[in-house]
Structures are given as C-alpha cells and as structure tokens.
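Analysis of the macromolecular model
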Amino acid sequence: MALSDFQPFGRWPVALLFLALFGVSEAVNLTFEVRRQSIAVFLTEIPLLLSLFYLPPLTVLTVRMVAAVAVKVGVKLTPVKYCFNLATKLAGTALAGAIVFRDWPFNNVAPRTWLVLAAAAGANVLVSLVAVIGVITLVQGRISRVALVRTAVPGLVVAAVNLTVGLVVLLVLHQSIWSLLLLAGLGVVFVQAYRSYGKFLRQHKSLNELYALTRAITESGRDGVLVDPLLARLRELLSAEYATLWMPASGRHPEMLLSARADYRGLLDIAGTPDSLRSRAMERGETILVGPQKSGHEWADVVSERGVKDAIIVPMRSGDAVIGTLEVVNRLGEASHFTPDDVRLLETVAAQAGVAVENSRLVERLRFDAQHDALTGLPNRRRILSALGEAIKVQTPDDVVAVLLFDVVRLRHVNDSLGHAAGDRLLAEVGRRLRDLAPPAALVGRVGGNEFALTVRTADAEAALALAVTIRESLQGPMAYGVLTIDVDCAVGVAVHPDHAADSATLLQYADVATHAAKGRRPSVQLFTSSLESRSVRRVGLANDLRQALDEGDLRVYFQPKVGLRDRRLVGVECLARWEHPVHGAVAPEDFVMVAEHTGQLGRLTEVVLGEGLRRVREWEEAGRALTVSVNLSPRTLLDPAFPAQVAQLLGEYGVDPARLTLEIAEGGVDGDPTRALATLHALRDLGVRLSVDDFGTGYTSLAALRRLPVQEVKIDRTFVQGMATDPGDLAIVRTAVDMARNFGLTIVAEGVESERTLGLLEDMGCDVGQGFLFSRPLPYERLNAWYTALGQGESTAAGDVRWLRAVQ
Ligand code: C2E
Ligand code: CA
Ligand code: CA
C-alpha cells in the first residue's frame, strides 16, 4: 500500500502531517562545520518535494504558509525581515506549484516525475537565493563574486542533497507505507549520529580554543601582560557579553577589575556581575552558576534586578588561597544559556589563569625588587641607569639630562657610633627629603650604600649645578633619633648629558667622580670637569707603578715651610709626598694616596715619608736649625694598631725628639672607627708626638669633640683661609676657629696663605702659624735649604718672598 492510496479521511491528515513536517523543518536546523565556517542547513526541500507529490499545489502553498507563520510567532523578528521571509516562501512555493501544476496528480514515480518535482523544489531554492542576493545587493551595494559564490554554492549543494534525499524517501514510500517505520528508524539514527558529531565538533572547537587560550595565558604571563588576551578570548570562547577578571587589593597590588565586553575592543573597568555574587564566590571559594536553568535560589532576584540573564563566577586560586574571580555574564543569543559544560570550561581556564596571574604578579614583584632599593623603596642603580638611558634617547637640543649624585656624609660615623639602625634611618630620611625636594619631573634613586642620584632635565649644566646647591642646602638640618639628633648633610657631584658623557653609565660614573671631588670643597657641590676624569682614570693601573716607585725611592718628599706669625720665623716644615710618574708625569698626592690606600701600600708610603722627614729633621738639627716636621696620615693609618710602635721605632732610629714630630690627621679621619682611631691617637700622644687636626672646617667635628681629642694643633682648611680676605663667612669661620683654639690652648695653623692681606688678618686675629704660597711652595730638600739660607740674607727666591720672614736663628 502506498501513501497516496492511504486516504480514508480525505487529504486532511496528510495536509496536517505536512504542516507538522514544514514546521519542524523551519524550526530545526543542523549546523555543520566546514573549513572553520559553520553552515546552517535547513531541510525544507524534503517536505516541499514530498508535499508537491501528495498534495495539490494550492494546498501545499496554504500548508507551507501556515507553518511559516506559526513557527515564527515565538521568534522576535523585525517586521521587514518577517514579511521578506513570508514573501520569499510564498513566491518560491507558488513557482514550485506552477511547475507541477500540469502533471498533478502524478500517477507514478518515474524519472520524469523526479525531474518535475526536483525542478519545482529547485525553483523554490533559486527564488530564495535570488531574494537573498537581491537584499544583500540592496543593502551593501554591489556584491562581490567571492561573496556571491560563498552565499550561493553551499545553499545549492545542500538543496541538491535535500532533493535527492526527498526523492529517495518518495520512492521508498511509494513502494510501501510500512517503509515509514524504516525511515523513522533511519531518521532517529541519523539525528543521533548528527548530535554526537555536533558534540564532538563543539568539544573539539572548545579544546582548540582552550589550548590557544592557555597558550596565550602562559606566553603573556611571562611579560606580565596577561589580562588582555585572557578576557577577550574567554569572552569569545563562551559567547558571553562580559568576561571579567577581579582581584581584590592585596599587599602592593591594588584592586583589579577588568572586563572584555562584546561591543568593545579594549578592556573596561566595569563588570556585568553583581557584587554580591562575586563576593559569595570569593568567600566560599566555590563556583556559582546562575540563570534560568539554575534559578529559584536566593540570587535570582539579584540577577533579574541587574538585568543579568545568566552568569558563571569561578574563584581563581593560587595554592589554597582564593586570589580573585573569573566571571562570564550573559550568554549571547536570546535562547541560549551557560551550561554545566561552560562551567567546567571556565573552571579549567580559571585554574590556568590563577597560576599565570600569580606568575605574572611574581614577575612584577621580582621586577619591582630588581629595580628598587629595599631600605628606602626608591629606584635602585639599575633603574636609575635605565631611566637615564631613556632620558638620553629623547633628549632635545634645548635641555640637558643632569645627574645629581648625593653622597651622605658621616654615614659611617653614624653606623659606628649609633648602630646600623641609626644609619638606616639616616638613609631613609635623606631619601625622603630628597624626594620631597626634587622637582616634579625628577627621578630620585639610591645608587649605592650612601649615594642617592637625582636625574632631571635642566636648561644647562649651570642650572643643574644651581639646583644641586639649592637641594643640598634644603636637605641639611638635624634629624631626630630618639633623644639624639643626627646632622644630615651631603656632598653633591653633578654631571650632564651631552656636555660630559654620551651614555648613562659614564654619566653616573662622572657624577660620582665629581662627588668625590665635592667632598673637599665648600660648599660641597662640584660640577664634573674633564680634569677630574683624567685623574680618576689615571688611578687605574697606577698600583704597580707606585709599588715600584716606593721600592726604588722614586717617591720624593717636598717640604713646605710653616711660619710663626708672631715673630715671622720658620718654625717647621710639612712633608708632602711627590711622585713623578715616568709616563703620566706628576701624579697628584690625593690620587696616589688613594691608590696606596686601596692596594695595601699605605703603610709603605707613610713609612717612606715619615723616614725622610725624620732624617731631614735630624740633619737640620745637626746643622743647628731646630725645626719641627709635620707628616700627613691617612685616616686608615689610625686603624693600624702597629703604627705607634712603628713611629717609636723610626724616632729611635733617627734619634729625633718626639716633640719635633707632628702628625696631621684630616678632620674626618677619626670618623671611621672612632674607638680604634682614638686608641691609636692616644698611643701616639703617649709617645710624646704632637697631633694636628688637618683641614679643619671641612669635617663635622664640633668644638667640644675636638677638645676630647688628644691633639695640640688645628690647621684651618685652606679653602677658608683663601676666602677670608673676600668672604665675610670665611672670615667669621677662621676667626671662630682661632678664638676656639686659643681657648682650648691649641696651636692654630692657617694653611693656604696666599696674600698679604690674608696674612695681615691672621696676624690681627692672633693666629699662631701660617703656611702657604705667600711664604713658599713645597720644595725639595736642597731648594728648601737654599731658601733658608737666602732667608738669612734677606734675599728673594723663586719659591717665595722672604721679606715676610726673619731667620729663626
Ligand atoms: P694637605 O695636608 O692639606 O696639604 C697641603 C696642600 O696644600 C698641599 O697640596 C700643598 O701643596 C697645598 N698648599 C700649600 N700652600 C698652599 C697655598 O698657599 N695655596 C694653595 N692653593 N695650596 C697650597 P699637595 O701637596 O697637593 O697635597 C695634597 C694633599 O695630599 C695633602 O693635603 C695631604 O692630605 C695629602 N698628602 C700629601 N702628602 C701626603 C703623605 O705623605 N701622606 C698622606 N697620607 N697624605 C699626603
Ligand atoms: Ca697636611
Ligand atoms: Ca690641609
């Protein structure tokens, strides 16, 4: 029995059956994934072809239109789209009906019937295709050939397959109505197979995307920019309106709330997620899925109130701790919702992301630590160098990049006398003051144990120097430490790009060179000059040459007269070491003394000078000239406990009265290790040797502290003496020092006497002894003797003018 014969109740049951079939074929579509494109396949051609065989054309038209209207009722469509759909269907079905009209009713299923039916159903396909292409052309203008092929070919292929399937079904049905059962069975199998295929496809797709996502996370985690790719991909993967990452503030990290949103390319700092849901996920450390499929619990209100359709909130962990949440909100598409599969997916991503975020935070932290000083929290040397490099790169002809290097003076002293906690406090205080005083665009960092750098753009080198002077002045002042006060002060060196150096490392090094020079100046601020550099560069490689010079007696000792100002008599000489380097020429004493200090040759150097001084004193004494001799000591020499014994031995060796030897120690010399240095000073004093505080005024010895030192003489630093004739400040300092020394019963020596006017002022003040170019430059032994002899005869010498002197004897 064929279906056409089965008409006990007229055509109505068949018409109803097709109504249902049309409805199903309109509503249900199958999606296939072909070359990364998903193609939706409608099966409309099959019921159309069959209905054209079994029902009169007009009935087919009616049934199809009713089905189309009925199915679209629940679906929101714009009126235009709705009418367009109906019109195409009407036209297509009408054309198909017209084609079969002459042959209907068909009395067999011969190939001619196939052709007619296929032509009719095919015409329907063509009508809708032409309509779609027409609309696209209307809306977009001309349609490209590629787009035309893309639109038409898959549709036509699917239609051909559908028509074939339709004809096969027709043939089978025509054989026997019972084949319906077989067809139904086949249909079930087909749908089942399609479903698993679809599921497989989807899983495959999400696995691929998950893989890509985790790759993106791990790769970006390495450079610390993780969130951007994570959220954008996650939003796409789960077809969500929002994908959000939230991490509450913790430690150094501020709160982070970032969302990728469907209609926005970058990241937003808003989220679609209700806060209450988020904090709940965070507190409980459990995933929350809300939506119609999981509604009915207490969150449903919150959800509807915020206009949230559905959401998944997954806690993100690092180890056991929940560090934040990963959220997706509002599945795109009105009818679709997040599923338990989506939850699993998001949980997988959150696990990955938790690790990656922690890693990137770790990277951030390591990077921070690598670039900052732990004590002050300021950028460290590395950071300063790279900032300098960047500044140099974008330097303009209108300004310079300046480095101001601040050396905290007396830090060692504070560390030794008050402990390291006090030293740390001092450093932190200097860092804080510097940051407060720095211009807004400046970067302040700690670049060494007691060194801070300030980098800034200024108009020129002079402006940088002026800034250094201003900041140093404002930086000074006492700092409270418990009941004590610590004096804060810095020596500042300044170097600028491009005047002094081309790269950041050299610039910083030159600022350092300038800082060292600044320590001997007043005010302690120094702009770099190339003469400073040649000095510091020359120091390198001098060590071996110095050793050789010391061994071979190439290190010479010059003598500079010290003149009693009351009676203008020569009272003694200061021994000053001289070294003529075979290649470099004369090396400044400061330089080779430093080389000696750093290469363990200081003892030898001091011994050579001391020996030579004592030998000459002995010779003078034998010639009837009672002179004293002064020898300079490096601060480090005071740390050598064997030194006093060595002095005693040399005194004995040359047979010199200890009272004829004066040892000069620079004012800062006692700062290093006061206890040990003091012990040495006392031991020397016990020998009967005289002690002198050299360069007085450059250090920070208070008058009271000076009194506690076992010294007999104070030498006012030459910078004050040189300035006293013109600078009232210098004059006041010299006057105070002279008064103070008189009060304490100390001999006061003014070094650097260069002018008559200065000499007059010193005499008026009652200064005891003068030394300086006015009387004589340092001279070799023979020349000093000549000078001395000339002195007796009232002659002038090249070295100095003897008019100012009277012979001692
Ligand atoms: P100092 O102890 O302050 O030595 C005085 C310096 O002032 C000497 O420089 C001397 O040449 C210079 N001077 C003297 N009179 C005048 C003057 O009227 N005007 C000016 N502008 N300068 C004057 P010098 O010889 O270059 O020595 C520099 C420093 O090197 C010394 O400063 C001393 O600290 C150190 N030094 C020299 N010889 C020795 C030594 O044998 N051992 C140690 N440890 N240090 C030494
Ligand atoms: Ca000296
Ligand atoms: Ca001096």
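Residues numbered from 1 in each chain as written. Chains lettered and ligands numbered in written order. Predicted model: local features only at pLDDT ≥ 70, side-chain atom pairs only at ≥ 80, totals over all residues. Heavy atoms only, no water.

**Details of the pairing of strand β22 (residues 713–716)**
Burial along β22 is two-sided: Glu-713 and Lys-715 and Val-714 and Ile-716, pointing in opposite directions, are all buried. The sheet contact formed by strand β21 (residues 690–696) and β22 spans three bridges and is parallel. In the sheet register, Val-693 faces β22, and the bridge partner there is Val-714. Two elements, β22 and strand β23 (residues 747–751), share four bridges in a ladder whose sense is parallel. Considered in β23, the bridge of Lys-715 is made with Val-749. (Buried < 20%, exposed > 50% of the residue type's maximum accessible area, 1.4 Å probe, protein only. Helix = DSSP H or I, 4+ residues; strand = E, 2+ residues; numbered from the N terminus. Pairing = 2+ DSSP bridges.)

**Re the coordination of the calcium ion (ligand 2)**
Here the calcium ion (ligand 2) is held by the protein donor atoms Glu-574 (OE), Asn-632 (OD1), Glu-664 (OE) and Asp-694 (OD), which lie 2.1 to 2.3 Å from it. Going along the chain, you hit the donors of the calcium ion (ligand 2) in the pattern E-x57-N-x31-E-x29-D. A spacing of 4.1 Å is found between the calcium ion (ligand 2) and the calcium ion (ligand 3), which share Asp-694 as a donor. Taken together, the positions of Glu-664 in strand β20 (residues 661–666) and Asp-694 in strand β21 put the pair 30 residues apart, joining distant regions of the chain. Judged by its relative accessible area of 7%, Asp-694 is buried. (Donors = N, O, S within 2.8 Å, 3.2 Å for Na, K, Ca; no water.)

**Examining the pattern of salt bridges**
In this structure the tally under the stated criterion is 31 salt bridges. Arg-616 serves as the salt-bridge partner of Glu-619, at 3.1 Å between the closest nitrogen and oxygen. With a gap of three residues between them, Glu-619 and Arg-616 both fall in helix α20 (residues 602–622), about one helical turn apart. Judged by its relative accessible area of 10%, Arg-616 is buried. Of the charged contacts, one joins Arg-660 and Glu-621 as a salt bridge, the two residues approaching to 3.7 Å between their closest N and O atoms. Of the two residues, Arg-660 sits in the loop between α21 (643–654) and β20 while Glu-621 sits in helix α20, which places them 39 residues apart along the sequence. Given a relative accessible area of 19%, Arg-660 falls into the buried group. Because the salt bridges share partners, they merge into one network encompassing Lys-562, Glu-574, Glu-664, Arg-690, Glu-713, Lys-715 and Glu-751. (Salt bridge = Lys/Arg side-chain N within 4 Å of Asp/Glu carboxyl O.)

**Concerning the sheet that holds strand β10 (residues 443–448)**
Judged by pairing direction, the sheet is mixed, and its five strands sit side by side in the order β10-β11-β9-β14-β15 without closing on themselves. The sheet terminates laterally at β10 and β15 (525–527), the two strands that pair on one side only. Neighbour-to-neighbour, the strand axes of the sheet open up by a mean angle of 25°, direction not taken into account. Of the pairings in the sheet, the one linking β10 to strand β11 (residues 451–458) comprises five bridges and is antiparallel in character. Looking at the pairing, Gly-448 lines up with Glu-451 of β11. (Axes fitted to C-alpha atoms, helices over the stretch in contact; angles between N-to-C directions.)

**Observations concerning the confidence of the model for the protein**
Residues at a pLDDT of 70 or more form 84% of the protein, whose mean pLDDT is 83. Note on residues 794–801: pLDDT is under 50 here. Beyond four places in sequence and across chains, it has 20 contacts. (pLDDT = per-residue confidence, 0-100. Contact = heavy atoms within 4.5 Å.)

**Quick look at helix α22 (residues 674–687)**
With 14 residues, α22 should cover 20 Å at 1.5 Å per step; its first-to-last C-alpha distance of 20 Å lies within 8% of that length. Those residues of α22 not exposed but buried are Pro-674, Ala-677, Thr-680, Leu-681 and Leu-684. On an axial view of α22, the arc spanned by its buried residues comes to 130°, and they lie on one face. Exposed residues pointing more than 90 degrees away from the buried face of α22 are listed as Thr-675 and Asp-686. Tucked into the core, α22 has its buried residues touching α13 (411–418), β19 (628–633), α21, β20 and β21. Remark: Gly-688 follows α22 within two positions and exhibits a positive phi of approximately 100°. (Expected span 1.5 Å × (residues − 1). Arc of directions from axis to C-beta.)

**Observations concerning helix α12 (residues 381–393)**
Given a rise of 1.5 Å per residue, 13 residues ought to cover 18 Å, and the 18 Å separating the end C-alpha atoms of α12 matches this to within 8%. Turning to α12, its buried residues number three or more, namely Ile-384, Ala-387, Leu-388, Ala-391 and Ile-392. Down the axis, α12 shows its buried residues gathered within 140° of arc, on one side only. In α12, the exposed positions angled more than 90 degrees off the buried face are occupied by Arg-382 and Lys-393. Buried-residue contacts for α12 involve β9 (400–408), β10, β11, β14 (490–497) and α16 (504–518). For α12, the capping residue at the N-terminal end is Asn-380, with a side-chain oxygen 3.2 Å from the backbone nitrogen of Arg-382. (Polar contact = N/O pair within 3.5 Å; in protein donor to acceptor, adjacent residues only side chain to side chain.)

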